[in-house]
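As a plain string of letters, each chain reads:
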Amino acid sequence: MKQYEVKTFSIPKVDGISEKAMEIHLGLYAGYVKNLNAHYTALRSLCEKGPGDPTVLSAVTRRIGFELAGVLNHECFFSALENGPSACTEGSPLHAQVIKQFGSFDGFVNGVKKTAEVMRGIGWVLVVHDKEKETLHIVWVSDHELGNVNLPVVLAVDMWEHAYLLDYVPAEKGSYVDAYLQAVNWKTVEDTFVAR
Ligand SMILES: [Fe+2]
C-alpha cells in the first residue's frame, strides 16, 4: 500500500487567524497522516498474522476511519486557503448551483456560518455535493467522520477547538468562521465542485 504523505500548502497570512494557530494546526494535520500510516501498518500486520483478538482489529479499523477522514478534511480545509482569497465567479457551475438552491451566495455562506455556530462538540461543517441529484448539502459531522453522508466534500470548515482557541474564546467561534470563509479562495472550491 502506498503511504500517505503530508502535503504542503501555499497559504498567505489569514486575517483573523494567527500564524501561530495556523502553524500548530498544520502540525496536527501532519500528525493525522502519521497516525493513519501507523494504523495501516498495524492492520497489515494483523491481517498477515490472522486477526487474533477481534477487539484489537476493530480498534485499528475504527481508528483508520477517524484518521483518514481527519487527513482528507484537513486537506480540503487548507487547500481552500491556498494563494489567498478570491470571490466565487458569477455564472460558474458552483455559483449557479448556490443561487439555485440558496437564493444568493451570501445566503449560502451564512448557512455554513450559522451551522458552525449552532453545532456542539468537536467536528466539521462540510459542504458536500450530490452530483447525481444536482444538490449541495451543508452537513455537521462530529469528530472527523461521524455523520458523514458519504458524498464528495467541496468545502470543509474545521470546528475542532484547536482550529480557533488560540485566537478566540469559544463564544467567539463565529468570528473564526467569518475569518476562514473570508479567506477562502472560491476559485479552488469551484474547481473542486466541478471535479467532484
Ligand atoms: Fe483541525
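Residues numbered from 1 in each chain as written. Predicted model: local features only at pLDDT ≥ 70, side-chain atom pairs only at ≥ 80, totals over all residues. Heavy atoms only, no water.

Caption draft 1: Layout of the coordination of the iron ion. Coordination of the iron ion by the protein comes from His 25 (NE2), His 74 (NE2), Asp 158 (OD) and His 162 (NE2), over a distance range of 1.9 to 2.1 Å. Classification of the site at the iron ion as irregular follows from its four donor atoms and the range of 85 to 134 degrees in their angles at the metal. Among the residues examined, His 25 registers a relative accessible area of 2% and is labelled buried. (Donors = N, O, S within 2.8 Å, 3.2 Å for Na, K, Ca; no water. Tetrahedral: all angles 85-135°; square planar, octahedral: opposite > 155°, others 65-115°. Buried < 20%, exposed > 50% of the residue type's maximum accessible area, 1.4 Å probe, protein only.)

Caption draft 2: The pairing of strand S1 (residues 123-130), seen in detail. Of all the eight residues making up S1, eight are buried; the element is thus mostly covered by neighbouring parts of the structure. Covered by surrounding structure in S1 are Gly 123, Val 125, Val 127 and His 129 together with Trp 124, Leu 126, Val 128 and Asp 130, the residues of both alternating faces. Where S1 and strand S2 (residues 135-142) come together, eight bridges link them in antiparallel fashion. Paired with Trp 124 across the strands is Val 141, a residue of S2. (Helix = DSSP H or I, 4+ residues; strand = E, 2+ residues; numbered from the N terminus. Pairing = 2+ DSSP bridges.)

Caption draft 3: The arrangement of the layout of surface pockets in detail. Computed from the structure, the largest pocket encloses a volume of approximately 320 Å³. In terms of lining residues, the largest pocket is bounded by 18 residues, among which Leu 72, Asn 73, Cys 76, Val 153 and Arg 196 are the most central. Of all the secondary structure elements, the ones that give two or more residues to the lining of the largest pocket are helix H2 (54-79), strand S3 (153-158) and helix H6 (186-195). When residues of the lining of the largest pocket are assigned to their parent elements, the largest contribution, six residues, is made by H2. For the lining of the largest pocket, the domains that each give at least three residues are domain 1 (19-79) and domain 2 (93-195). (1 Å grid on protein atoms, 1.4 Å probe; cavity = no way out; pocket = protein on both sides within 12 Å on 5 of 7 lines; lining within 4 Å. Points joined across faces, edges and corners; volume = space filled by probe spheres on them. Domains from an automatic or database assignment.)

Caption draft 4: Seen up close, the domain arrangement of the protein chain. Taken domain by domain, the protein chain holds domain 1 (19-79) and domain 2 (93-195). Its C-alpha centre places domain 1 at a distance of 23 Å from the equivalent point of domain 2. Taken together, the 16 residues of domain 1 in the interface contact 20 residues of domain 2. Here domain 1 and domain 2 share an interface that buries about 1400 Å² over both sides, 65% of which is from carbon and sulfur atoms. Counting the surface domain 1 buries against domain 2, the share from its top three residues, Asn 73, Cys 76 and Phe 77, is 39%. A salt bridge links Glu 145 to Arg 62, with the nearest nitrogen and oxygen atoms 2.6 Å apart. (Contact = heavy atoms within 4.5 Å. Buried area = accessible area lost by both parts, 1.4 Å probe. Salt bridge = Lys/Arg side-chain N within 4 Å of Asp/Glu carboxyl O.)

Caption draft 5: Inspection of the packing of helix H4 (residues 105-118) against helix H5 (residues 173-183) at higher detail. Where H4 meets H5, the axes come as close as 9 Å, and the angle between the chain directions of the two elements is 145 degrees. The crossing of H4 and H5 is right-handed. Contacts between H4 and H5 involve Val 109, Val 112, Lys 113, Ala 116 and Glu 117 from the first element and Lys 173, Gly 174, Val 177, Asp 178 and Leu 181 from the second. Considering only residue class, the contact of H4 with H5 consists of five nonpolar, one polar and four charged. (Axes fitted to C-alpha atoms, helices over the stretch in contact; angles between N-to-C directions. Left-handed = near helix turned anticlockwise from the far one by under 90°. Nonpolar A, V, L, I, M, F, W, Y, C, P; charged D, E, K, R; others polar.)

Caption draft 6: Representation of unusual backbone geometry. Here the phi dihedral of Asp 143 falls at roughly 50 degrees; this positive angle occurs in a residue that is not glycine. Phi is positive for Asn 150, which is not a glycine, with a value near 60 degrees. In this fold, Asn 150 is placed in the loop between S2 and S3.

Caption draft 7: Structural context of the environment of Leu 28. Position of Leu 28 among the secondary structure elements: in helix H1 (residues 19-49). Given the relative accessible area of 34%, Leu 28 is considered partly exposed. Sequence-wise, Leu 28 and Ser 175 are 147 residues apart; in three dimensions their C-alpha atoms are separated by 22 Å.

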